[in-house]
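# Architecture at a glance
Given next are the chains, with one letter for each unit.
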Amino acid sequence: MNRSLTTIGVVAFTAALLGACQPRRAGVHPSTANAGTASVTSATPIAPILSLKRCVNLGNGLDAPSEGEWGVILGENHFSTAKAAGFDHVRLPVRFSAHAEQTPPYTIDAAFFARVDWAIAQAQSQGLSVILDVHHFNELTDDPDAQTERFLGLWKQIAERYASQPETLIFELLNEPCKNLNPVKLNALHKRAIATVRASNPTRIIMVDSYFWANTNYLRTLELPNDPNLVAQFHMYQPILFTHQGAPWMDPEYGTVGIVFPGPPSKPVQPVEAAQNSGWVRDWLKSYNTATAAQNPGGPKTIREEFDRASAYAQSSGRRVYLGEFGAINNADMTSRANYLKAVREESERRNIAWCVWDDGGGFQLLKPQEKGWVNELKQALIP
Ligand code: BGC
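Values in this document were obtained by computation on a predicted structure and should not be read as measured data. (Residues numbered from 1 in each chain as written. Predicted model: local features only at pLDDT ≥ 70, side-chain atom pairs only at ≥ 80, totals over all residues. Heavy atoms only, no water.)

## Examining the side chain of Ser-336
Spelled out, the test is: The secondary structure listing takes helices from DSSP runs of H or I that are at least 4 residues long and strands from runs of E that are at least 2 residues long, numbered from the N terminus. Contacts: residue pairs with any heavy atoms within 4.5 Å of one another.
Turning to its location among the elements, Ser-336 is positioned in helix H12 (residues 334-350). Apart from residues no more than four positions distant in its own chain, Ser-336 is found in contact with Phe-242, Val-260 and Phe-261.

Laid out in structure tokens, this is it:
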């Protein structure tokens, strides 16, 4: 599919309706291109979600195929260090689908469930609210029809198990819906999953991610029941060629490293060969190398446009929005990473949108739990 920076949002939108989007890890990510929403700043402040403000994702632990496989085993330190740093909540990504039976009633492994209980209890003992999300259910996004009942079966168990928990435990139905779980299928799935959760949790806050890796371009395709305790979640990795530079799980055209934030760079970056062969990447890098700071696609303008879309959705739908992931990969230089985190965090706070940075100990590393400390420049950018 031919995508360019100026058309990609629209192309992705159309492609999704046809059920043919590209995975973020295997190709093009929707750009900041405007897919139809006006560039406006929210007029009515977005109402708070409980008292959520600042969060760190405890990623690469319980969302790995098995805990430890991606180098992170959650310990008490994760929670105490998050609290001490000034975070008020954590997001707990969990790959329930890897720890449950394949046949009804899709029983979740008792030891794994107990491990999730432990993590929630740890957070609570530190006074941290928790967003519990179903993460990396890849079989579902590959084949939604075949996996719908299993997804609902998982949520029935999760919802019933935690029904008596305080309201500071929040459920997020599915991290980053993508691929074949297109907006039409996703809306139908959300409706059934919300009903499943509501049977045991009538008022708990439920977050729902927009299609295409929780992209702001797709917030407006969410069709949700009339329920004030539903919150729309989006993720923010733009400019993606900066935040995901050289990420091993991305396609080769993301391989150009040395991209700084904000652009333009003092010396033009040289695109790797695969980047030169990809129209939208080549164009983006050209613009990044040459455009002024105010117009640069690798600068604050791009971030503002993302938030404009989130704010516009909040205004038009009357629904609260939440930023569930943002971050910049370890491959980027430290100053640029800190600049980026600060710019996103400030834009989010300016709009009363609570945020959750990705992540603690993985490839977007912030936390050094073994040392009970943080990558200082990054922590400063988030919580000065
Ligand atoms: C994924 C991580 C990934 C991050 C940035 C998250 O949603 O779970 O594996 O590192 O996005 O791409």
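After that view of the structure, there is still more to cover.
## Digging into the packing of aromatic side chains
Condition: In this scheme Phe, Tyr and Trp rings, the latter by its six-membered ring, pair at centre separations within 6.5 Å, and the angle between planes marks the pair as stacked below 30 degrees, edge-to-face above 60, and tilted otherwise. Exposure classes here rest on a 1.4 Å probe applied to the protein chains alone. A residue is buried below 20% of its type maximum, exposed above 50%, and partly exposed in between. Geometrically, a charge over a ring is one whose NZ (Lys) or CZ (Arg) sits within 6 Å of the ring centre while staying within 35 degrees of the ring normal.
Under the criterion given, the structure shown has 21 aromatic pairs. With 6.2 Å between their ring centres and 85 degrees between their planes, Phe-87 and Trp-355 make a pair best called edge-to-face. Taken as a pair, Phe-87 in the loop between helix H2 (76-85) and strand S2 (89-94) and Trp-355 in strand S8 (residues 355-357) lie far apart in primary sequence, 268 residues in all. Measuring from ring centre to ring centre gives 5.3 Å for Phe-261 and Tyr-340, while their planes differ by 85 degrees; the resulting arrangement is edge-to-face. Linking Phe-261 in the loop between helix H8 (240-243) and helix H9 (273-276) with Tyr-340 in helix H12, this pair joins segments that are 79 residues apart in sequence. Pair check on accessibility: Phe-261 and Tyr-340 agree, each one buried. Through successive ring pairs, a cluster of aromatic residues spans Phe-87, Phe-326, Trp-355 and Trp-374. The cationic tip of Arg-115 hangs over the ring face of Trp-118; the distance from NZ or CZ to the ring centre is 4.3 Å. Directly above the aromatic system of Phe-113 lies the positively charged group of Arg-161, at a separation of 4.0 Å from the ring centroid.

## Considerations on the environment of Ala-119
One can find Ala-119 in helix H3 (residues 110-125). Each C-alpha atom of the pair Ala-119 and Leu-92 lies 8.2 Å from the other, and the pair is 27 residues apart in sequence. In this structure Ala-119 touches Leu-62, Leu-74, Phe-79 and Leu-92, once residues within four positions along its chain are discounted.

## Looking at the confidence of the model for the protein chain
Note the threshold: Each residue carries a pLDDT value, the predictor's own confidence for that position, ranging from 0 to 100.
Taken as a whole, the protein chain shows an average pLDDT of 90; of its residues, 88% reach a score of 70 or greater. Counting interchain partners and residues more than four positions distant, the pLDDT-below-50 stretch residues 1-42 has 119 contacts.

## Regarding the pairing of strand S6 (residues 230-236)
Put simply, the rule is: Two strands are said to pair when DSSP picks up at least two bridges between them.
Where burial is concerned, most of S6 is hidden: 7 out of the 7 residues are buried. Side chains of S6 alternate between two faces, with Leu-230, Ala-232, Phe-234 and Met-236 and Val-231, Gln-233 and His-235 buried alike. When strand S5 (residues 206-209) meets S6, the two strands line up parallel, connected through 4 bridges. In the strand pairing of S6, Asp-209 is matched with Gln-233. As paired strands, S6 and strand S7 (residues 321-326) are joined by 5 bridges and run parallel to one another. Its bridge partner lying in S7, Gln-233 is registered against Tyr-322.

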